[in-house]
Amino acid sequence: MRRLVRSAQLIDQMIEERRNINMHVQVISSVNESCSAKFHHKTAIVIDVLRATSTIVTALSAGAKCVVPAETVMDARAMQLPGDVLGGERFCRKIAGFDLGNSPNEYTQQTVGGRKVILTTTNGTRGIHKSMRADHIIVASLLNADACARSALELRRDIVILCAGSHDDFAIEDGLCAGLILDCLKKQSGIPIDVDDFGHAMHSLYRDRSEIVFETLLNSQSGKRLQKIGSRGDIESCASINTLNLVPYLSGDQLIIRH
Ligand code: MLT
């Protein structure tokens, strides 16, 4: 009996020690800067505000059964079974023969409710595939940043936030979202959080621009590209903060809602 009590005390002590260890958060500026070693034993949070991750969150919120991120157009086509929805873009435009493009506004109860969505995009779905070595992968946008921070804390691993970026470069809207997630993590966490230098910079960026998020998206390179093709409405849809309380979580090859 005494041994049992001692073991229980040791376990409590270990849990307490684990709680007091800093959680580390690293922010990666673009898919190009990521390599699989950075994800080992971590929770990866993948961000592509304009528009892939905003679209994934919106599709699940509209009742899609799951979203399968495909790396290439050919992979996406090969995966499609009758009833599945094929979505995605190349050069910001819908791919020939696909059901939907990459606008979150296309992913409604009517188009995706109860169905599997197979999605391929230039950077966002590539970012998810780059993170495959992580213990956990969750998908974040401005729409669900707070819920993602809560999930990442529950998963109790160090965190790597991958900003997908655009055209192989950093994209300010992804950095802004990383900063927002850091803000949420700091507010929600009971333990000290150790953030890398780029993360600190993104947190400052968010604090500077928290009142002008939509304007920042409009003036970003990705925002300008979307306006050129008449998709200003998508920027509006991607700019709302914490309006969706759900977290897409990669289970096997499918993103499903994490409960
Ligand atoms: C991407 O994955 O590169 C973007 O989502 C591009 C886009 O929004 O069209």
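This text goes with the structure placed above it.
Each chain carries its own residue numbering, running from 1 in the written order of its sequence. Thresholds applied to this predicted model are a pLDDT of at least 70 for local features of residues and 80 or more for the giving and counting of side-chain atom pairs; totals over whole chains, interfaces and linings are not thresholded and use all residues. Excluding hydrogens and water, the side-chain values take into account all heavy atoms of the structure.

## Observations concerning the site of the ligand
Formally: Any residue with a heavy atom positioned within 4 Å of a molecule or strand is treated as near that molecule or strand. As used in this structure description, the phrase polar contact means that two N or O atoms lie within 3.5 Å; if the pair is within protein, one of them must be able to donate a hydrogen and the other to accept it, and residues adjacent in sequence are counted only when both atoms belong to side chains. Throughout, the Shrake-Rupley method with a 1.4 Å probe supplies accessible areas, and for residues the shown protein chains are the sole cover considered. Here a cavity denotes a set of grid points, spaced 1 Å apart and computed over the protein atoms alone, in which a 1.4 Å probe fits but from which it cannot get out, and a pocket denotes an open set meeting protein on both sides within 12 Å along at least five of seven lines; residues with an atom within 4 Å of a point are reported as lining. Cavity and pocket membership follows a simple rule, namely that a molecule belongs there if more than half of its atoms are within 2 Å of the grid points.
Around the ligand, the surrounding shell consists of Asp-48, Leu-50, Arg-51, Ala-52, Glu-89, Cys-92, Asn-102, Thr-121, Thr-122, Asn-123 and Gly-124. With respect to the ligand, the backbone of Leu-50 contributes an N or O atom lying 3.4 Å from an oxygen atom. Protein coverage of the free-state accessible area of the ligand, which is 270 Å², stands at 95%. If you map the ligand onto the pockets, it falls in the largest pocket.

## Remarks on the packing of aromatic side chains
The test is simple: Only rings of Phe, Tyr and Trp enter the pairing, Trp through its six-membered ring, and a pair is recorded when the two centres are within 6.5 Å. The plane angle decides the type: under 30 degrees is stacked, over 60 is edge-to-face, the rest tilted. Put simply, DSSP H or I for four residues or longer makes a helix, DSSP E for two residues or longer makes a strand, and each gets a number counted from the N terminus.
As enumerated under the stated definition, the model contains 1 aromatic pair in all. Note on Phe-170 and Phe-198: the rings are 5.6 Å apart at their centroids and 85° apart in plane angle, and the pair reads as edge-to-face. You can see Phe-170 sitting in the loop between strand S8 (158-163) and helix H7 (172-188) and its partner Phe-198 sitting in helix H8 (residues 197-209), a full 28 residues away along the chain.

## Remarks on the layout of surface pockets
Going by this rule: Grid points are joined across faces, edges and corners, and a volume is the space filled by probe spheres set on the points. Ten residue types, Ala, Val, Leu, Ile, Met, Phe, Trp, Tyr, Cys and Pro, are classed as nonpolar, four, Asp, Glu, Lys and Arg, as charged, and the remainder, Gly among them, as polar.
Taken as a whole, the largest pocket encloses approximately 360 Å³ of empty space. When contributions to the lining of the largest pocket are tallied by element, the ones reaching two or more residues are strand S4 (85-90) and helix H10 (221-228). The element contributing the most residues to the lining of the largest pocket is H10, with 3 residues. Among the residues making up the lining of the largest pocket, the classes are represented as 6 nonpolar, 8 polar and 6 charged.

## Describing H10
Note the threshold: Buried means the residue's accessible area, taken with a 1.4 Å probe over protein chains only, is under 20% of the maximum for its type, while exposed means over 50%, and partly exposed covers the values in between. Along the arc lie the directions from the helix axis toward the C-beta atoms.
Buried residues of H10: Ser-222, Gly-223 and Leu-226, and no others. For H10, the buried positions fall inside an angular range of 100° around the axis, keeping them on one side. Exposed side chains of H10 directed beyond 90 degrees from the buried face belong to Gln-221 and Lys-228. A positive backbone phi angle near 80° is found at Gly-230, which sits one or two residues after H10.

## Some details on the nonpolar core
Heads up, the condition is: Working definition of a nonpolar core: buried Ala, Val, Leu, Ile, Met, Phe, Trp, Tyr and Cys residues. They are joined through side-chain atoms within 4.5 Å. The criterion used for residue contact is that any of the two residues' heavy atoms lie within 4.5 Å.
Counting residues in each nonpolar core, the largest one holds 42 residues, and the members touching the most others are Ile-161, Ile-181, Leu-185 and Leu-217. Counting residues per element, this core draws most heavily on H7, which supplies 8 residues. For Ile-161, the contacting residues outside a window of four places in its chain are Val-25, Gln-26, Val-27, Ile-28, Ile-45, Ile-47, Ala-178, Ile-181 and Leu-182. Counting residues in hydrophobic clusters, the runner-up holds 26 residues, among them Ala-64, Val-117, Ile-128 and Leu-246.

## Notes on the side chain of Ser-103
Within the secondary structure layout, Ser-103 lies in the loop between strand S5 (93-94) and helix H4 (109-112). The class for Ser-103 is buried, based on a relative accessible area of 10%. Polar contacts involving the side chain of Ser-103 include one to the side chain of Asp-234, which spans 2.7 Å. Apart from the residues lying within four places of it in its own chain, the contact partners of Ser-103 are Arg-51, Thr-55 and Asp-234.

## A look at unusual backbone geometry
Cis geometry is adopted by the peptide bond preceding Arg-51, which originates at Leu-50 and carries an omega value of 10°. With respect to the helices, strands and loops of the structure, Arg-51 is situated in the loop between strand S2 (42-47) and helix H2 (52-61). With a phi close to 60°, His-41 is a non-glycine residue in the positive phi region. Looking at the element boundaries, His-41 is found in the loop between strand S1 (23-28) and S2. Residue classification places His-41 among the exposed residues on the basis of a relative accessible area of 60%. Backbone geometry places His-167, a non-glycine residue, at a positive phi of 50°. In this structure, His-167 sits in the loop between S8 and H7.

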